[in-house]
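# Geometric and topological summary
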Amino acid sequence: MMNYAAIDFETATSARDSACSVAVVEVVDGKLYDSYYTLIQPPENKYNYFNVQIHGITREDTRYAPTFAKIWPELREHLEGKVVVAHNAPFDMGVLNACLMRAGLSLPKFYYCDTVTISRKVWPDLENHKLDTVGSFLEIDFQHHNALDDARTCAAIPLKAGEELGFSSLKGLTEKLGINVKPFGVRRGGCRR
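All of the points below concern the structure found in this document.

Parameters and conventions
Residues numbered from 1 in each chain as written. Predicted model: local features only at pLDDT ≥ 70, side-chain atom pairs only at ≥ 80, totals over all residues. Heavy atoms only, no water. Buried < 20%, exposed > 50% of the residue type's maximum accessible area, 1.4 Å probe, protein only. Helix = DSSP H or I, 4+ residues; strand = E, 2+ residues; numbered from the N terminus. Pairing = 2+ DSSP bridges. Contact = heavy atoms within 4.5 Å.

Before going further, it helps to examine the pairing of strand 1 (residues 4–11). Of all eight residues making up strand 1, eight are buried, and the element is well covered by its neighbours. Neither face of strand 1 is exposed, since Tyr4, Ala6, Asp8 and Glu10 on one face and Ala5, Ile7, Phe9 and Thr11 on the opposite face are all buried. With eight bridges connecting them, strand 1 and strand 2 (residues 19–28) associate as antiparallel partners. The residue bridging Ile7 from the neighbouring strand is Val24, located in strand 2. Relative to strand 4 (residues 83–86), strand 1 is paired through two bridges, and the arrangement is parallel. Across the sheet, residue Ala6 finds its bridge partner in strand 4, namely Val85.

Shown next as structure tokens:
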């Protein structure tokens, strides 16, 4: 069966360590099982106008929100030991890594893969493979750049791809498509921090 977690971050500025919201949606036995969402106070509660225009989160929204270090214990529980998917995974993994480094926190152990790559291989004829395009193609009603909606939509991509290609496990799907499932946080020389 399909078992994984989908993650999505929104950031307050162009800095990767400026997470201002995060959501994780867990899929267990091929069904949406659990979700987690929180606002996060970014460093100095600083926002760029451009980012606010994308997601609508403002410094007033996160004035009393917890810092990344405060939400990390609960977020970690949703990731540790799982396979995690993200749409444009290098961005979300980069945000997670930068937030962990800034807070001086140790890296969790999990594997991840990119749903952009899944969508490109399964539905190559789409105009593009941005989350809103793929979500629309899959007839998912969601508010793009809301972390929880984006994580739910991301979680649906492997499920729909598996249905279409006849795979009931993420491992079978990624192996068939030749998609790398990588360990998070492996640094130079293959060592974890």
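Below, the discussion takes up the environment of Asn3. Here Asn3 is to be found in the segment before strand 1. Owing to a relative accessible area of 38%, Asn3 belongs among the partly exposed residues under this scheme. Separated by 165 residues in the primary sequence, Asn3 and Ser168 place their C-alpha atoms 9.5 Å from one another. Not counting residues up to four positions away in its chain, the partners in contact with Asn3 are Val27, Val28 and Asp29.

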